Amino acid sequence: MNDFFNDCKKQIFEYHAKLQKRRIPRQTGDLIADLKTCQQGTNPLNQSKIYLYSNKKLKQFRQLLNKIKQYLKVEARHATQGPAPKRVVKERTELCEGCPGLVKELEEKTDPGGIGFCSLCGCGASRRAALSVKLTLAGATCPLSKWQPVRGEENKWKHTKDAVKGVLYSIIDRIKI
Ligand code: SF4
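Residues numbered from 1 in each chain as written. Predicted model: local features only at pLDDT ≥ 70, side-chain atom pairs only at ≥ 80, totals over all residues. Heavy atoms only, no water.

Asks: Explanation requested: the environment of Thr-136 in the structure shown.
Replies: For Thr-136, the position within the fold is in the loop between helix H5 (131–134) and helix H6 (157–176). In this structure Thr-136 comes out as partly exposed when scored by relative accessible area, which is 25%. Every residue in contact with Thr-136, bar those within four places of it in the chain, is listed here: Pro-83, Ala-84 and Val-89. Within polar-contact distance, the side chain of Thr-136 engages the backbone oxygen of Val-133 at 2.6 Å. (Helix = DSSP H or I, 4+ residues; strand = E, 2+ residues; numbered from the N terminus. Buried < 20%, exposed > 50% of the residue type's maximum accessible area, 1.4 Å probe, protein only. Contact = heavy atoms within 4.5 Å. Polar contact = N/O pair within 3.5 Å; in protein donor to acceptor, adjacent residues only side chain to side chain.)

This is how it looks when you write it as structure tokens:
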């Protein structure tokens, strides 16, 4: 929003300077009113909608890239270190079960493992986001930091295959959504 305001302010000053050069009367009040409109998130020169739209899209795109990067890190840890120790999975499950962020159904899907989904992490309702799976992934994180990523207990070839399959499922589930 700060970038928007600075750009908007710059455009308004340029616009008012041009008006002055052309000796078109423009009240100081107009300049202040225009700046106030900028502050409220609208460009009075009517370029704001495109600007805000592209900025919003860019922000959403960056957030999506970060999510993908974070998710791939989790699968990479699963592939190289294996799943979280059983004791950790149990602790995580207990914490999730007592958390208001837990939902039994998300995007009309249920967790085949019976725990549910986290409605706060933004991972959606893919097969890998079902808590019965997510809680076993050593590198997974809780958006409220109620539990932390850990080192995997032991890597076996099947975990590497599982991670590759997980990425494929996530892509397929994402396309379906
Ligand atoms: S992952 Fe964290 S925020 Fe989400 S349900 Fe579990 S404890 Fe709650």
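Asks: Help me understand empty space enclosed by the protein in this model?
Replies: Unfilled space is identified by rolling a water-sized probe across the atoms. Applying the stated criterion across every chain yields a total of 1 cavity of 30 Å³ or more. What the largest cavity holds in volume is close to 110 Å³. Along its surface, the largest cavity is lined by 14 residues, and Cys-96, Cys-99, Cys-118, Cys-142 and Trp-147 are the ones closest to its centre. Residue assignment for the lining of the largest cavity shows that the elements contributing at least two residues are helix H4 (86–97) and H5. Classifying every residue of the lining of the largest cavity gives 11 nonpolar, 1 polar and 2 charged. (1 Å grid on protein atoms, 1.4 Å probe; cavity = no way out; pocket = protein on both sides within 12 Å on 5 of 7 lines; lining within 4 Å. Points joined across faces, edges and corners; volume = space filled by probe spheres on them. Nonpolar A, V, L, I, M, F, W, Y, C, P; charged D, E, K, R; others polar.)

Asks: It is not clear to me how the nonpolar core should be interpreted in this structure. Could you clarify?
Replies: A general tendency of soluble globular proteins is for nonpolar side chains to be buried together. Residues Ala-84, Cys-96, Ile-115, Leu-131, Leu-135, Ala-140 and Trp-147 are the most contacted members of the largest nonpolar core, which totals 16 residues. Of the residues forming this core, the biggest block, 3 residues, is contributed by H4. The contact partners of Trp-147, leaving out residues within four places of it in the chain, are Arg-92, Leu-95, Cys-96, Lys-134, Leu-135, Ala-140, Thr-141 and Cys-142. Ranked by size, the runner-up nonpolar core spans 7 residues in total, among them Phe-4, Ile-12, Leu-31 and Leu-35. (Core = buried A, V, L, I, M, F, W, Y, C linked by side-chain atoms within 4.5 Å.)

Asks: Explain helix H1 (residues 2–21) to me, please; I cannot follow it from the model alone.
Replies: Every α-helical turn comprises 3.6 residues, leaving residues that sit three or four positions apart pointing alike. The terminal C-alpha atoms of H1 lie 29 Å apart, and with 20 residues this matches the ideal 28 Å at 1.5 Å per residue to within 8%. Buried within H1 we find Phe-4, Phe-5, Cys-8, Ile-12, His-16 and Leu-19. The buried side chains of H1 occupy one side of the element, clustering within an arc of 90 degrees when seen end-on. Relative to its buried face, H1 has exposed residues pointing more than 90 degrees away, namely Asn-2, Asp-3, Lys-10, Lys-18 and Lys-21. (Expected span 1.5 Å × (residues − 1). Arc of directions from axis to C-beta.)

Asks: Sorry if this is basic, but what is going on with the state of the cysteines here?
Replies: Where two cysteines share a covalent bond between their sulfur atoms, that bond is called a disulfide. Applying the stated criterion across every chain, the model contains 1 disulfide. At a sulfur-sulfur separation of 1.9 Å, the disulfide partner of Cys-8 is Cys-38. The S-S bond linking Cys-8 to Cys-38 shows a torsion near -70 degrees; that makes this disulfide left-handed. Of this pair, Cys-8 sits in helix H1 while Cys-38 sits in helix H2 (residues 28–39), placing them 30 residues apart in sequence. Not part of a disulfide, Cys-121 finds its nearest cysteine sulfur in Cys-123, a span of 3.3 Å. (Disulfide = S-S within 2.5 Å.)

Asks: What is the right way to look at the environment of Lys-73 in this model?
Replies: Counting through the fold element by element, Lys-73 comes out in helix H3 (residues 48–81). Residues Lys-73 and Ala-140, 67 residues apart in the sequence, show an inter-C-alpha distance of 8.9 Å.

Asks: Sorry if this is basic, but what is going on with H4 here?
Replies: With 12 residues, H4 extends 16 Å from end C-alpha to end C-alpha; this agrees with the ideal 16 Å at 1.5 Å per step. If you check which residues of H4 are buried, you get Val-88, Val-89, Arg-92, Thr-93 and Cys-96. Buried residues of H4, viewed axially, fall in a sector of 135 degrees; they line one side. Exposed side chains of H4 directed beyond 90 degrees from the buried face belong to Arg-87 and Lys-90. Taken together, the buried residues of H4 touch strand S1 (102–103) and H5.

None of the figures reported here should be taken as evidence of function without further support.
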